[in-house]
Amino acid sequence: MANEPAVSEATWSHEDLESDLAGALEAGEFFLVYQPTIDLQTNAFAGVEVLIRWRHPQRGVLSPELFISELEMSGQIVPVGRWALSTACAQGAIWHDRGYRFAVSVNISTKQLGSPEFAHDVANALASSRFDPALLVLEFSQESLLGDEAATMRRLAELKTLGVRLAVDDFAPGDTPLADLAKFPIDIVKLDKGFIAGITNSPEAAALIHTLVQLAKALGVQIIASGIEDAEQRKRLAIEEVSIGQGFHFSRPHEAQEIDRYLEDFAIFSGKPL
Ligand code: C2E
Ligand code: MG
């Protein structure tokens, strides 16, 4: 499929990557794809996660795994992340105007959260798109939260005043205890796909999910399982009362126009209003 990242085998020096990336934003080479999230209890369409892609003029469509850390190192992630956030909010507002009401979840890097203008960027993206802040979710890694905790707490509190929701990404039991993360004003915890991959053949992993879901309920945090690849995993997660799921089992990430078609099919197939 055209917008799935190509794995580039050809040699690419660090210097070439750096200089190609330097002009990529201005050249309009980045674009966004959206991966649906589904309510595991009702099968309703719950939202989308926004994922960046780079259409390199010679190398084709590239995965963020090839360039996000380089953007982080050069500091370019701040303008690129600002572009992703405002583009995602504008697209979210288009869907909302058409009568769909679902969450749009954007990945935020450590450098972005640390940048003094970040809350301002979020406020701007919301104001210029008129996207409902209650539908915007910002996803952070555990590492970006656990540096300077006092500063993180201040920044997250500022974001919460905008009315957005905050998520911890790529969480697996055995990482930071959930109760420790819950000292931050977190609304959502996303379970890592590596952990989900093991849940149907490991009784221990299933027991861990059970404990985690109960703890999350007590802490008032929603759990989203990512990387669901088959019906067995989906069934197990639904039994354990995980509320939302995401993964290739439901849909790969797609550009906005394809999500439009997915939404139409989904409404017909499920017979439910979205
Ligand atoms: P992530 O936030 O954990 O995003 C989920 C990744 O898992 C995506 O990879 C998605 O395509 C992939 N995925 C989804 N379902 C499945 C599944 O069922 N099986 C498997 N094996 N993989 C699945 P992608 O798009 O390559 O993104 C990789 C990472 O790059 C993301 O991980 C996120 O950390 C980062 N990223 C993507 N877009 C942005 C962005 O706009 N800003 C920042 N700062 N980071 C981004
Ligand atoms: Mg994510």
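Residues numbered from 1 in each chain as written. Chains lettered and ligands numbered in written order. Predicted model: local features only at pLDDT ≥ 70, side-chain atom pairs only at ≥ 80, totals over all residues. Heavy atoms only, no water.

Asker: Which parts of the structure should I look at to understand the overall build of the protein chain?
Answerer: Helix and strand counts for the protein chain stand at 12 helices and 9 strands. On C-alpha atoms alone, the protein chain measures out to a radius of gyration of 19 Å, which is about the 19 Å that the 2.2 N^0.38 rule sets for 274 residues. Counting only C-alpha atoms and orienting by the principal axes, one finds that the protein chain spans roughly 50 × 45 × 40 Å. Going through the 274 residues of the protein chain one by one, you find that 48% of them count as buried. If you sum the accessible surface of the protein chain, you get close to 12800 Å²; carbon and sulfur atoms cover 54% of it. Across the protein chain, 22 positive and 39 negative side-chain charges occur, with their mean positions spaced 6 Å apart. (Helix = DSSP H or I, 4+ residues; strand = E, 2+ residues; numbered from the N terminus. Rg over C-alpha atoms; globule rule 2.2 N^0.38 Å. Buried < 20%, exposed > 50% of the residue type's maximum accessible area, 1.4 Å probe, protein only. Areas by Shrake-Rupley, 256 points an atom, 1.4 Å probe, with all protein chains shown as cover. Lys, Arg positive; Asp, Glu negative; His and termini not counted. Charge placed at Lys NZ, Arg CZ, Asp CG, Glu CD.)

Asker: Before we go on, may I ask you to explain the coordination of the magnesium ion (ligand 2) in this structure?
Answerer: Octahedral metals with six donors have ideal donor angles of 90 or 180 degrees. Tetrahedral metals with four donors have an ideal donor angle of 109.5 degrees. Protein coordination of the magnesium ion (ligand 2) is provided by Glu49 (OE), Asn107 (OD1), Glu139 (OE) and Asp169 (OD), with donor distances spanning 2.0 to 2.3 Å. Read in sequence order, the donor residues for the magnesium ion (ligand 2) give the motif E-x57-N-x31-E-x29-D. Residue Glu49 is found in strand E2 (residues 45–56), and its partner Asn107 is found in strand E4 (residues 103–107); the two are separated by 58 residues along the sequence. (Donors = N, O, S within 2.8 Å, 3.2 Å for Na, K, Ca; no water.)

Asker: What is the right way to look at the packing of helix H3 (residues 77–97) against helix H5 (residues 118–129) in this model?
Answerer: One can describe the packing of H3 onto H5 by two numbers: an axis separation of 9 Å at closest approach and a directional angle of 30°. Taken as axis vectors, H3 and H5 run roughly parallel relative to one another. Every pair of crossing elements has a handedness; the one defined by H3 and H5 is right-handed. Side by side, H3 and H5 meet where Arg82, Leu85, Ser86, Cys89, Ala90 and Ala93 of the first sit next to Phe118, Asp121, Val122, Ala125, Leu126 and Ser129 of the second. Here the residues of the contact of H3 with H5 sort into 8 nonpolar, 2 polar and 2 charged. (Axes fitted to C-alpha atoms, helices over the stretch in contact; angles between N-to-C directions. Parallel < 35°, antiparallel > 145°, perpendicular 65-115°, else oblique. Left-handed = near helix turned anticlockwise from the far one by under 90°. Contact = heavy atoms within 4.5 Å. Nonpolar A, V, L, I, M, F, W, Y, C, P; charged D, E, K, R; others polar.)

Asker: Please explain the pattern of salt bridges as it appears in this structure.
Answerer: Oppositely charged side chains may form a pair once their charged atoms are brought near each other. Taken as a whole and assessed by the stated rule, the structure comprises 10 salt bridges. With a closest N to O distance of 3.0 Å, Lys183 and Glu149 form a salt bridge. One end of the pair, Lys183, is in the loop between helix H8 (178–181) and strand E7 (188–191); the other, Glu149, is in helix H7 (residues 149–161), with 34 residues separating them in the sequence. With a relative accessible area of 40%, Lys183 lands in the partly exposed category. (Salt bridge = Lys/Arg side-chain N within 4 Å of Asp/Glu carboxyl O.)

Asker: What is the right way to look at the site of ligand 1 in this model?
Answerer: Taken together, 21 residues are adjacent to ligand 1, and Arg53, Asn107, Asp169, Glu229 and Phe248 come closest. At a separation of 3.1 Å, a nitrogen atom of ligand 1 approaches a polar side-chain atom of Gln35. The contact in question runs from a nitrogen atom of ligand 1 to an N or O atom on the backbone of Ile52, over 3.0 Å. Protein contact buries 84% of the 800 Å² of open area that ligand 1 shows by itself. Looking at the shell around ligand 1, the elements that each hand over two or more residues are E2 and strand E6 (165–171). (Near = heavy atom within 4 Å. Polar contact = N/O pair within 3.5 Å; in protein donor to acceptor, adjacent residues only side chain to side chain.)

Asker: Explain the pairing of E2 here, please?
Answerer: Both faces of the sheet carry side chains from a regular strand, because those side chains alternate between them. Judged by how many residues are buried, E2 sits mostly within the fold: 10 of 12 residues are covered. Bridge count for strand E1 (residues 30–39) against E2 is 9 bridges, and the pairing is antiparallel. If you follow Ile38 over to E2, its bridge partner there is Phe45. What sits between the antiparallel neighbours E1 and E2 is a turn of 5 residues, in which Asn43 has the positive phi angle 65°. Relative to E4, E2 runs parallel, the two being bridged by 4 bridges. (Pairing = 2+ DSSP bridges.)

Asker: Help me out: how do you make sense of the nonpolar core in this one?
Answerer: For soluble globular proteins, the rule of thumb is that nonpolar side chains tend to be buried together. Residues Leu136, Leu138, Phe140 and Leu159 are the most contacted members of the largest nonpolar core, which totals 76 residues. The biggest single contributor to this core is H3, with 9 residues. Apart from the residues within four sequence positions on either side, Leu159 is in contact with Leu113, Phe118, Ala119, Val122, Leu138, Phe140, Val164 and Leu166. If you look at the next biggest cluster of nonpolar residues, it comprises 6 residues, including Ala167, Ile188, Ile224 and Ile244. (Core = buried A, V, L, I, M, F, W, Y, C linked by side-chain atoms within 4.5 Å.)

Asker: Explanation requested: the packing of aromatic side chains in the structure shown.
Answerer: Aromatic ring pairs are described here by two measures, namely the spacing of the ring centres and the angle between the planes. Throughout the structure, instances matching the rule amount to 10 aromatic pairs. Their ring planes at 45° and their centres at 6.1 Å tell us that Phe30 and Trp54 sit as a pair that is tilted. Here Phe30, found in strand E1, pairs with Trp54, found in strand E2; they are 24 residues apart in sequence, far enough to count as distant. Here Phe30 matches Trp54 in class, with each residue buried. An aromatic cluster is built from Tyr34, Phe45, Trp95, Tyr100, Phe102 and Tyr262, whose rings are joined through pairwise contacts. The ring centre of Phe31 lies 4.1 Å from the NZ or CZ of Arg55, which sits over that ring. Over the ring of Phe248 we find Arg252, and its NZ or CZ is 3.8 Å from the ring centre. (Phe/Tyr/Trp six-rings, centres within 6.5 Å; stacked < 30°, edge-to-face > 60°. Lys NZ or Arg CZ within 6 Å of the ring centre and 35° of its normal.)

Asker: Is there a simple way to explain the pairing of E1 in this structure?
Answerer: The element E1 is largely enclosed, with a buried count of 9 among its 10 residues. Looking at chain direction, E1 and strand E9 (residues 244–246) are connected through 3 bridges and run antiparallel. Each bridged residue has a counterpart across the sheet, and for Ile38 the counterpart in E9 is Gly245.

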